[in-house]
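Residue-level structural notes
The residues making up each chain are set out below.
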Amino acid sequence: MSIEQDWGGSLRGEFLTRYLDNLALLERLHRLMLDVIKDEFERLGAADINPVQALLLFNIGDNEVTAGELKTRGYYQGSNVSYNLKKLVELGYMHHKRCAMDRRSVRVRLTPEGHEVRARVAELFQRHAEIMQQQGVIEFATLDMVARALKRVEHFWSEQIRYIY
């Protein structure tokens, strides 16, 4: 028996079904975005970096952060942040240095090569935004509405993690 069947055909059940559909869509969109980045980098002949690492560089931008801050600021969602940071340092896309106050903590920032990767991802996103707008794929007002809804879900989930509800 599925979760939807437990709730029956009520409005509550329909809400749950729509909620689960949207969760699955978010997952598919994230994976598809990574595939789009991968495809772009393959076209450019930059096969030494994976799409998760490229997106990480994009999100860090001009900031200097610790591994812990990457998650708390929402720059990175994966559990293997240390691996990806180590690889990015090895590949020359990031600098790292030990924090003066806490020698266990390492601060990272992009190298010029890292900024080049970031620029490629930014160009890709800009190109897609322009095409989507030109082709009427989605209206600005709809994007704004979706962003507000997703921020409410983000806030709700954050509160769940903090055991507020």
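What counts as what
Residues numbered from 1 in each chain as written. Predicted model: local features only at pLDDT ≥ 70, side-chain atom pairs only at ≥ 80, totals over all residues. Heavy atoms only, no water. Buried < 20%, exposed > 50% of the residue type's maximum accessible area, 1.4 Å probe, protein only. Helix = DSSP H or I, 4+ residues; strand = E, 2+ residues; numbered from the N terminus. Arc of directions from axis to C-beta. Contact = heavy atoms within 4.5 Å. Core = buried A, V, L, I, M, F, W, Y, C linked by side-chain atoms within 4.5 Å. Pairing = 2+ DSSP bridges. Axes fitted to C-alpha atoms, helices over the stretch in contact; angles between N-to-C directions. Parallel < 35°, antiparallel > 145°, perpendicular 65-115°, else oblique. Nonpolar A, V, L, I, M, F, W, Y, C, P; charged D, E, K, R; others polar.

Among the residues of helix H5 (residues 81-90), Val 81, Asn 84, Leu 85 and Leu 88 are the ones counted as buried. What you see down the axis of H5 is that its buried residues fit within an arc of 100°, all on one side. Seen from the open side of H5, the exposed residues pointing more than 90 degrees away from its buried face are Ser 82, Lys 86 and Glu 90. Next to the buried residues of H5 lie helix H3 (51-60), helix H4 (67-72), strand E2 (94-98) and strand E3 (106-110). Looking at the residues trailing H5, positive phi occurs at Gly 92, about 85°.

Moving on to the nonpolar core. By size, the foremost hydrophobic cluster in this structure holds 25 residues, and its most contacted members are Phe 41, Ile 49, Leu 57, Ile 60, Leu 70 and Met 94. Broken down by secondary-structure element, the contributors of at least two residues to this core are helix H2 (11-43), H3, H5, E3 and helix H6 (112-135). By residue number, the principal contributor to this core is H3, which donates 6 residues. Not counting the four nearest positions on each side in its chain, Phe 41 is found in contact with Ala 46, Ile 49, Ala 54, Val 117, Arg 120 and Val 121.

Moving on to the sheet that holds strand E1 (residues 65-66). The strand order E1-E3-E2 describes an open sheet built from 3 strands, whose pairing is antiparallel. The outermost strands of the open sheet, each flanked by one partner alone, are E1 and E2. The pairing of E1 with E3 spans 2 bridges and is antiparallel. Across the sheet, Val 65 pairs through a bridge with Val 108, a residue of E3.

Here we come to the packing of H3 against H6. Helix-helix packing is characterised by the crossing angle of the two axes and by the distance between the axes. Between H3 and H6, the least distance of the axes is 8 Å, while the angle of their chain directions is 95°. As judged from the angle between their axes, H3 and H6 are roughly perpendicular. The segment H3 lies against H6, with Ala 54, Leu 55, Leu 57 and Phe 58 engaging Gly 114, Val 117, Arg 118, Val 121, Ala 122 and Phe 125. Here the residues of the contact of H3 with H6 are counted per class, giving 8 nonpolar, 1 polar and 1 charged.

Along the polypeptide, Tyr 75 turns up in the loop between H4 and H5. Judged by relative accessible area, which is 16%, Tyr 75 ranks as buried. The sequence separation of Tyr 75 and Leu 56 amounts to 19 residues, and the corresponding C-alpha distance is 6.4 Å.

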